[in-house]
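Summary of structural features
Chain by chain, the residues:
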Amino acid sequence: MTELRIGVVGCAGRMGQMLVHEIVRTDGCALAGGTESLGNPALGRDLGEFSGLGHLGLSVGDDAEKLFAASDAVLDFTVPAVSVRHAVLAAAKGAVHVIGTTGIDKAGEAVIREAAKKTPIVWAPNMSVGVNLLMALVEQVAAKLDVRYDIEIVEMHHRHKVDAPSGTALGLGRAAAKGRGVELDAVAQRVRDGHTGPRPAGAIGFAALRGGDVVGDHSVIFAGDGERIELTHRAGGRQNFAQGAVRAALWAHGRKPGLYAMRDVLGL
Ligand code: NAD
């Protein structure tokens, strides 16, 4: 069987390390290499030794173009500007691009959409099976409950996280808005501070907590009169994200160009 050659950009990062391990342990996959940013201490080191997997004969490089050319698929959990640049490279080289990076703005999204006309790109703020199931459930529940049920999304992440609300919280907000038949941007209340006045009917509110080593908790609350429905997902480790990313790469390989989400990968 031909193995899928998978590269990891940002291979020394928290997710990058998980991804390297997941590729090595997954049947049908071969590690194609890894890159890091200039000045990163991992540069030049053996990817396997650096990741605690023993010698693999692949050194951590800084040439993304070379990695995209040598890979059938590239997994990318880095930073927004870098992932957007990589999408252009993926399109040029015809490699599958799996983007897990969060915090990508509208301008970046436009570039990714353009690149996805030339190659399959899977872009998901959260690659876990459980969270994607939660998104599908939130959409269903929101479609059944009218605006007398206020929707609030609460998330908590570790102290190192730099963007808020989390990409997953925003994804859950979009799922709720879709269920209600509205645009999230038109109803989102992302920040509340000071004299905010009463809650507007139909708003979708967000609250972001930061602290400790919390991997990622998300709750969607539907608060009505006299009752409350709460749908919660708690991530206990990062393996689920890495498993989802590798699954996305295997699924997307050989598909026609397009921008795909995890719900496509999981058939939800
Ligand atoms: P991290 O800071 O530990 O890792 C990011 C890595 O990218 C770093 O090692 C950094 O040096 C590297 N990098 C930066 N610029 C680069 C470049 N030009 N070329 C190559 N590498 C470069 O962060 P993390 O916790 O691993 O998270 C990374 C991203 O993934 C964040 O946006 C986070 O929110 C997101 N994330 C998504 C999911 C998901 O399921 N979609 C899950 C966890 C994290």
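This write-up is about the structure you can find in this document. (Residues numbered from 1 in each chain as written. Predicted model: local features only at pLDDT ≥ 70, side-chain atom pairs only at ≥ 80, totals over all residues. Heavy atoms only, no water.)

**Examining the overall build of the protein**
Quick reminder of the rule: To qualify as a helix, a DSSP run of H or I must reach at least 4 residues; to qualify as a strand, a run of E must reach at least 2; elements of each kind are numbered from the N terminus. Note that the radius of gyration is over C-alpha atoms, with the globule rule given as 2.2 Å times the number of residues to the power 0.38. Throughout, exposure labels follow a simple rule: accessible area from a 1.4 Å probe, protein chains only, divided by the maximum for the residue type, with under 20% read as buried, over 50% as exposed, and the rest as partly exposed. Throughout, a contact is declared for two residues whenever any of their heavy atoms are within 4.5 Å. Surface accessibility follows the Shrake-Rupley procedure with a 1.4 Å probe radius. Residue values consider only the protein chains on display as shielding. Working convention for charge: Lys and Arg count positive, Asp and Glu count negative, and His plus the chain ends are omitted. Charge positions come from single atoms, namely NZ of Lys, CZ of Arg, CG of Asp or CD of Glu.
Across its full length, the protein carries ten helices and eleven strands. Scaling as 2.2 N^0.38, a compact globule of 268 residues should have a C-alpha radius of gyration of about 18 Å, and the protein matches this with 19 Å. In the protein, which comprises 268 residues, the share counted as buried stands at 51%. Counting only contacts in the protein whose residues sit at least 6 apart along the sequence, the fraction spanning at least 24 positions is 68%. A total accessible area of about 13,000 Å² is found for the protein, and carbon and sulfur atoms account for 52% of it. Here the protein contributes 29 positive and 29 negative side-chain charges, whose respective centroids are spaced 3 Å apart.

**Re the packing of helix 4 (residues 80–93) against helix 5 (residues 106–115)**
Selection rule: Between N-to-C directions, angles span 0 to 180 degrees; the directions come from axes that are lines fitted to C-alpha atoms, helices contributing only their stretch in contact. Oblique is the label for any angle not under 35 degrees, not over 145, and not in the 65 to 115 range, which are roughly parallel, roughly antiparallel and roughly perpendicular in turn. All amino acids are sorted into three groups, where Ala, Val, Leu, Ile, Met, Phe, Trp, Tyr, Cys and Pro are nonpolar, Asp, Glu, Lys and Arg are charged, and the leftover types, Gly among them, are polar.
Two numbers describe how helix 4 lies on helix 5: the axes approach to 9 Å, and their chain directions differ by 10 degrees. Between helix 4 and helix 5, the angle falls in the class roughly parallel. Contacts from Val-84, Ala-87, Val-88 and Ala-91 in helix 4 reach Gly-108, Val-111, Ile-112 and Ala-115 in helix 5. Residues of the contact of helix 4 with helix 5, tallied by class, amount to seven nonpolar, one polar and no charged.

**Thoughts on the site of the ligand**
Selection rule: Proximity criterion: a residue is near a molecule or strand once any of its heavy atoms comes within 4 Å of it. Definition of a polar contact: a pair of N or O atoms within 3.5 Å, with one able to donate and the other able to accept a hydrogen when the atoms are protein atoms, and with sequence-neighbouring residues admitted only if both atoms are side-chain atoms. Every definition here rests on a 1 Å grid over the protein atoms only: cavities are sets of points where a 1.4 Å probe fits but cannot get out, pockets are open sets enclosed by protein on both sides within 12 Å along at least five of seven lines, and lining residues have some atom within 4 Å of a point. Grid points define the cavity or pocket, and a molecule sits in it when more than half of its atoms lie within 2 Å of them.
Close to the ligand lie 22 residues, the nearest being Arg-14, Met-15, Glu-36, Thr-102 and Met-127. Thr-102 places a side-chain nitrogen or oxygen 2.7 Å from an oxygen atom of the ligand. Its free accessible area being 860 Å², the ligand has 81% of it covered by the protein chains. If you map the ligand onto the pockets, it falls in the second largest pocket. Looking at the shell around the ligand residue by residue, the classes come out as eight nonpolar, ten polar and four charged.

**With respect to the packing of helix 1 (residues 14–25) against helix 9 (residues 239–252)**
Which entries qualify depends on this criterion: Crossing chirality is assigned from the near helix's rotation relative to the far helix, an anticlockwise turn below a right angle marking it left-handed and a clockwise turn marking it right-handed.
Where helix 1 contacts helix 9, the axes come no closer than 9 Å and their chain directions differ by 60 degrees. If you check the angle between helix 1 and helix 9, you find them oblique. Between helix 1 and helix 9 lies a crossing whose hand is right-handed. Two secondary-structure elements touch here, helix 1 through Met-15, Met-18, Leu-19, Glu-22 and Ile-23 and helix 9 through Gln-239, Phe-241, Ala-242, Gln-243, Ala-245 and Val-246.

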